Amino acid sequence: MNGQDPIQVGAPEAQALLHSKQALKQLNERLSEAQEKLVQAEKLASIGQLAAGVAHEINNPIGYIFSNFGTLERYLADLFEMLAAYEAAEPLLAGTEVGAALAALRTKVELDYLKEDIPTLMAESKEGISRVRKIVQDLKDFSRVDNHQEWALADLHQGLESTLNIVNNEIKYKARVVKNYGEIPEILCLPSELNQVFMNLLVNASHAISGERGCITITSGSDETQVWVEIADNGSGISPENLHKIFDPFFTTKPIGQGTGLGLSLSYGIVKKHHGQILVDSQLGAGTRFRVILPIEQPDVPDEEGPVQAQAR
C-alpha cells in the first residue's frame, strides 16, 4: 500500500463530493421553493381571471336590482300620495262601521311608523346596493387581464380611494388609515396598474402590523413636473440586510403559502414603466415608508427605463 492510508488518499475527492452534494441539495431546495411560488403565482393569475368573470356576472343582476329600486321608489311615492288622499277622506267616515274598521287597521299595521320607516329602509337598501356595485366595479378594474390598456389622465386620489375600498377588509381590523392628501394634478398613466401598486403597498403595510392596532398613513403632494404618493406604516420594518432585495422577484420574508414575493417586484415594473421611482425608508421595529414618485407627463413612447432606489434610515 506504499505506506499510505487509503482513507487519506481519497479525502480531498470525498470532501469535494460532499460540498457538491450540499450545493446540489441547496439548489434543489431553492428550485422547489421557486416552483411552489410559481404555482402560487399561476393560481393568483387564475383567481384574477375567475374574479373578473364573477364580477361581470354579479354586475348584471346588480344593474337591474338598482334599476328596480328606482322604479320601486317611484311606485312607493305614488302609493303614499294615494294613501294621503284616503287619509284625508277618513273624517267623512267617522262614526260608521267602515271608519271604525279603518281606524283599527291603521293601529294594527302601525301605519304612521311604516310611513316613516319604509323610506329609510329604501334609502339604506339603495346605499347598500350602490356599495356592492362599486366594490364589484373596483374588483373588475383590479382583475382585468387584457393587455390593451390605454394611457389616460387620472386622479391618483380617486385611485387610492378605490384601492382602499378593495382592501378595506384586509386593513380595517389591523390599522386605522390616516389620509394627508395634498393638491395634485391628474397625471398621464395606466390607472389600473397604478392601483395595483397602491394595493400591494397597502396590503404589505397591513401585513407588517401585528399585535396592537396600528396606523397606515397616506400622504401625497406634487411639484411642477411630478407627483408623489407615500404609504407609511408603524409595523415591524425591514431589516437592513433585506432592504436591497425587496424588489427582487420571489423575494419574501413571509412563510410559504402566505406570500409569492411578486407584489413589490410587479410594483417596481409598473413604476418603472411610468418612468418613476420607488423610494423605501425603513427601520426595523419602527415601520416602513414607501414613496412612489411619478411624472405628470410621459414621453411619447413609454419604455422600460426608470430608476428604482432603496435606502435605509
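Keep in mind that this is a model prediction, so the values were computed, not measured. (Residues numbered from 1 in each chain as written. Predicted model: local features only at pLDDT ≥ 70, side-chain atom pairs only at ≥ 80, totals over all residues. Heavy atoms only, no water.)

Participant: Explain the overall build of the protein to me, and be specific about the residues and the numbers.
Facilitator: Looking only at helices and strands, the protein features 8 helices and 8 strands. Evaluated residue by residue, the protein yields a buried proportion of 31% over its 313 residues. Contacts in the protein between residues far apart in sequence, at least 24 positions, make up 76% of those at least 6 positions apart. Carbon and sulfur atoms form 56% of the exposed surface of the protein, whose accessible area is close to 19500 Å². (Helix = DSSP H or I, 4+ residues; strand = E, 2+ residues; numbered from the N terminus. Buried < 20%, exposed > 50% of the residue type's maximum accessible area, 1.4 Å probe, protein only. Contact = heavy atoms within 4.5 Å. Areas by Shrake-Rupley, 256 points an atom, 1.4 Å probe, with all protein chains shown as cover.)

Participant: I'd love a proper account of the confidence of the model for the protein, names of residues and values included.
Facilitator: Looking at the protein as a whole, the pLDDT averages 79, with 76% of positions reaching at least 70. The element-level mean pLDDT for the protein is lowest in strand 8 (residues 311–312), coming to 41, with strand 5 (residues 226–233) highest at 95. Low pLDDT, under 50, characterises residues 256–261; the stretch is placed with 18 contacts to residues that sit more than four places away or in other chains. (pLDDT = per-residue confidence, 0-100.)

Participant: An account of helix 5 (residues 156–171) is requested, with residue identities and associated values reported.
Facilitator: Spanning 16 residues, helix 5 covers only 20 Å between terminal C-alpha atoms, well under the ideal 22 Å at 1.5 Å per step. Largest kink in helix 5: about 45 degrees, centred on Asn165. When helix 5 is considered as a whole, its buried residues turn out to be Leu156, His157, Gly159, Leu160, Ser162, Thr163, Leu164, Val167 and Ile171. For helix 5, the capping residue at the N-terminal end is Asp155, with a side-chain oxygen 3.0 Å from the backbone nitrogen of His157. (Expected span 1.5 Å × (residues − 1). Bend = angle between axes of the 7 residues up to and from the residue. Polar contact = N/O pair within 3.5 Å; in protein donor to acceptor, adjacent residues only side chain to side chain.)

Participant: Go over the environment of Val136 with me, naming the residues and quoting the values.
Facilitator: Mapped onto the elements, Val136 comes out in helix 4 (residues 111–143). Overall, Val136 belongs to the buried group, its relative accessible area being 7%. Counting along the chain gives 79 residues from Val136 to Glu57, while the straight-line C-alpha distance between them is 9.8 Å. When sequence neighbours within four positions are dropped, the list of residues in contact with Val136 reads Ala55, Ile58, Asn59 and Ile62.

Participant: Describe helix 3 (residues 97–109), naming the residues involved and giving the relevant values.
Facilitator: Given a rise of 1.5 Å per residue, 13 residues ought to cover 18 Å, and the 19 Å separating the end C-alpha atoms of helix 3 matches this to within 8%. Just past helix 3, the residue Glu110 takes up positive phi, approximately 50 degrees.

Participant: Pulling in residues and values, what's your account of the pattern of salt bridges?
Facilitator: Considering all chains together, one arrives at 10 salt bridges under this definition. Taking the shortest distance from any N to any O, the salt bridge between Asp281 and Arg289 comes out at 2.6 Å. Overlapping salt bridges bring together Glu87, Glu90, Arg106, Asp112 and Lys115 as one network. (Salt bridge = Lys/Arg side-chain N within 4 Å of Asp/Glu carboxyl O.)

Participant: Lay out the packing of helix 5 against helix 6 (residues 191–207) in plain terms, naming residues and giving numbers.
Facilitator: The contact between helix 5 and helix 6 brings their axes to 9 Å, and the two run at 40 degrees. Relative to helix 6, helix 5 is oriented oblique. Note on packing geometry: the crossing formed by helix 5 with helix 6 is right-handed. Packed against helix 5, whose contacting residues are Leu156, Gly159, Leu160, Thr163, Leu164, Ile166, Val167, Glu170 and Ile171, the element helix 6 presents Leu194, Asn195, Phe198, Met199, Leu202, Val203, Ser206 and His207 at the interface. Taken together, the residues of the contact of helix 5 with helix 6 sort by class into 11 nonpolar, 5 polar and 1 charged. (Axes fitted to C-alpha atoms, helices over the stretch in contact; angles between N-to-C directions. Parallel < 35°, antiparallel > 145°, perpendicular 65-115°, else oblique. Left-handed = near helix turned anticlockwise from the far one by under 90°. Nonpolar A, V, L, I, M, F, W, Y, C, P; charged D, E, K, R; others polar.)

Participant: Tell me what's going on with the nonpolar core, and back it up with residues and numbers.
Facilitator: Leu156, Ile187, Leu194, Leu202, Ile216, Phe290 and Leu294 are the most contacted members of the largest nonpolar core, which has 36 residues in total. Residue assignment for this core shows that the elements contributing at least two residues are helix 5, strand 3 (187–189), helix 6, strand 4 (214–222), strand 5, helix 8 (263–273), strand 6 (277–283) and strand 7 (287–295). With 8 residues, the top contributor of residues to this core is helix 6. Counting 7 residues, the second-largest nonpolar core is a separate cluster that includes Ala55, Phe69, Ile129 and Val136. (Core = buried A, V, L, I, M, F, W, Y, C linked by side-chain atoms within 4.5 Å.)

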